[in-house]
Amino acid sequence: MQTTQQNNEARTAIEGGFAWDAQDAYLFDIDGTLLRSRDRVHMDSLPATVREVMGIEVSLEGVSLAGNTDTSILREACALAGVPPEVLEPQMAAILEGMCANVAVRRHELQPILMPGVEETLKYLASRGATLGVATGNLEMIGWIKVERAGLREWFRFGGFSDQFPVRSDLIGNAAKKARELAGAHASICVVGDTPRDIDAAHANGLPVIAVATGHFSFDELLEYKPEACATTLADLLHATRGTT
């Protein structure tokens, strides 16, 4: 049975028996879940680096970005530009390295905005003994730079990234493995994300998921993918939980 609460625009839905705040470890997506960027530093790094490395113009227009991974986005953008895989693949490592260097140089231009309730939720879960990590489609250097610029680095002990895992379910699986190395072989692990891809990737690994409607998908759209918990924001989820305890 699902427990649903609604107060004006704040909505939460939690599957019966799922204690969202009692898991041993959590894997947080970054973009749309922890923060949003008011800049284009990350987005611009891909076409700029492809141009530098290969002398080819590519665009992110037509590429689905929400819940996607940097490595997959790169391949899709190049495919749309007519770049065959046999031309791209030998240059992949150089392009990914160049993207990281591009963002690192421009890190002072990053303008992250924290999503509602993020700091409070991280503090709350940490106080309950949870091991916190990130699991994101970002490349590792880029992901950590964003987290640092947002002032959140102190909360996270590990991460899963797309450098070696273009498929989101694979990077979630890798992050879950790291979580169990820290929290115990039988640790309960929960994914926190803002897209249907986050939900599908969590479930593909047999993990529960908290979905938050702080990205491009609404509460109702996310609920259709049957996350174990769904909320308009982490602040609303935290408020609903504290209001019933």
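Look up: the structure comes first, before these words.
Here goes a summary of the coordinates provided. Everything numeric in this text was worked out from a predicted model, so none of it was measured. (Residues numbered from 1 in each chain as written. Predicted model: local features only at pLDDT ≥ 70, side-chain atom pairs only at ≥ 80, totals over all residues. Heavy atoms only, no water.)

Notes on empty space enclosed by the protein
Scanning all chains against the criterion turns up one cavity of 30 Å³ or more. The space that makes up the largest cavity amounts to roughly 40 Å³. Considering the residues around the largest cavity, the lining is formed by Leu35, Ser37, Leu110, Pro112, Lys146 and Arg149. The residue inventory of the lining of the largest cavity, partitioned by class, reads three nonpolar, one polar and two charged. (1 Å grid on protein atoms, 1.4 Å probe; cavity = no way out; pocket = protein on both sides within 12 Å on 5 of 7 lines; lining within 4 Å. Points joined across faces, edges and corners; volume = space filled by probe spheres on them. Nonpolar A, V, L, I, M, F, W, Y, C, P; charged D, E, K, R; others polar.)

Side note on helix H2 (residues 70-80)
Among the residues making up H2, those that are buried are Asp70, Thr71, Ser72, Ile73, Leu74, Ala77 and Cys78. The secondary structure elements touched by the buried residues of H2 are helix H1 (41-54), helix H3 (85-88), helix H4 (92-105) and helix H6 (140-149). Phi turns positive one or two residues past the end of H2, at Gly82, with a value near 85 degrees. (Buried < 20%, exposed > 50% of the residue type's maximum accessible area, 1.4 Å probe, protein only. Helix = DSSP H or I, 4+ residues; strand = E, 2+ residues; numbered from the N terminus. Contact = heavy atoms within 4.5 Å.)

Remarks on the pairing of strand E3 (residues 25-28)
Burial along E3 is two-sided: the face carrying Ala25 and Leu27 and the face carrying Tyr26 and Phe28 are both buried. The pairing of E3 with strand E6 (residues 131-135) spans four bridges and is classified as parallel. The partner of Ala25 across the bridge, within E6, is Thr131. Two elements, E3 and strand E8 (residues 189-193), share four bridges in a ladder whose sense is parallel. Within the sheet, the bridge partner assigned to Leu27 lies in E8 and is Val191. (Pairing = 2+ DSSP bridges.)

A few points about the pattern of salt bridges
Here the structure, examined in full by the defined rule, presents nine salt bridges. Salt bridges sharing partners connect three or more residues here, namely Asp29, Arg168 and Asp198. (Salt bridge = Lys/Arg side-chain N within 4 Å of Asp/Glu carboxyl O.)

Regarding unusual backbone geometry
A positive phi angle is found at Lys226, which is not glycine, with a value near 60 degrees. Tracing the sequence through the fold places Lys226 in the loop between helix H9 (219-223) and strand E10 (229-231).

Brief notes about the nonpolar core
Counting residues in hydrophobic clusters, the biggest one holds 31 residues, and the most contacted among them are Trp20, Tyr26, Phe28, Leu34, Phe156 and Ile210. Mapped by element, the contributors of at least two residues to this core are E3, helix H5 (118-127), E6, H6, E8, strand E9 (209-212), E10 and helix H10 (234-243). Not counting residues up to four positions away in its chain, the partners in contact with Trp20 are Ile14, Tyr26, Thr121, Tyr124, Leu125, Ile210, Ala229, Leu237, Leu238 and Thr241. With 23 residues, the next largest nonpolar core counts Met92, Leu96, Leu110 and Ile145 among its residues. (Core = buried A, V, L, I, M, F, W, Y, C linked by side-chain atoms within 4.5 Å.)

Here we look at the layout of surface pockets
In this model, the largest pocket occupies a volume close to 650 Å³. Lining the largest pocket are 30 residues, with Asp31, Met43, Leu65, Lys146 and His216 sitting closest to its centre. Residue assignment for the lining of the largest pocket shows that the elements contributing at least two residues are strand E4 (35-37), H1 and H2. Broken down by element, the lining of the largest pocket gets its largest block of residues, four residues, from H1.

Describing the state of the cysteines
What the rule picks out here adds up to zero disulfides. Looking at Cys190, it has no disulfide partner, and the nearest cysteine sulfur is the one in Cys230, 12 Å off. Residue class for Cys190 comes out buried when judged on its relative accessible area of 0%. (Disulfide = S-S within 2.5 Å.)

What about H5?
If you check which residues of H5 are buried, you get Val118, Thr121, Leu122, Tyr124 and Leu125. Taken end-on, H5 shows its buried residues confined to a sector of 165 degrees, consistent with a single buried face. Opposite its buried face, H5 presents the exposed residues Lys123 and Ser127, each directed more than 90 degrees away. Looking one or two residues past H5, Gly129 carries a phi angle of roughly 90 degrees, positive in sign. (Arc of directions from axis to C-beta.)

Regarding the side chain of Asp198
With respect to the element layout, Asp198 can be found in helix H8 (residues 196-204). Engagement of the side chain of Asp198 in a polar contact is seen with the side chain of Arg168, the distance being 2.8 Å. At 3.0 Å, the side chain of Asp198 forms a polar contact with the backbone nitrogen of Asp194. Beyond its immediate sequence surroundings of up to four residues, Asp198 is in contact with Asp29, Arg168, Val191, Gly193 and Val209. (Polar contact = N/O pair within 3.5 Å; in protein donor to acceptor, adjacent residues only side chain to side chain.)

Brief notes about the packing of H1 against H4
When two helices pack together, their arrangement is captured by the angle between the axes and the distance separating the axes. Interhelical geometry of H1 versus H4 gives an angle of 130 degrees and a closest axis separation of 8 Å. When the axes of H1 and H4 are compared, the pair comes out oblique. Judged by the sense of rotation from one axis to the other, the crossing of H1 with H4 is right-handed. Residue-level inspection shows Val41, His42, Ser45, Leu46, Ala48, Thr49, Val50, Glu52, Val53 and Met54 of H1 in contact with H4, the latter providing Ala94, Ile95, Gly98, Met99, Asn102 and Val103. Its residues assigned to classes, the contact of H1 with H4 shows ten nonpolar, five polar and one charged. (Axes fitted to C-alpha atoms, helices over the stretch in contact; angles between N-to-C directions. Parallel < 35°, antiparallel > 145°, perpendicular 65-115°, else oblique. Left-handed = near helix turned anticlockwise from the far one by under 90°.)

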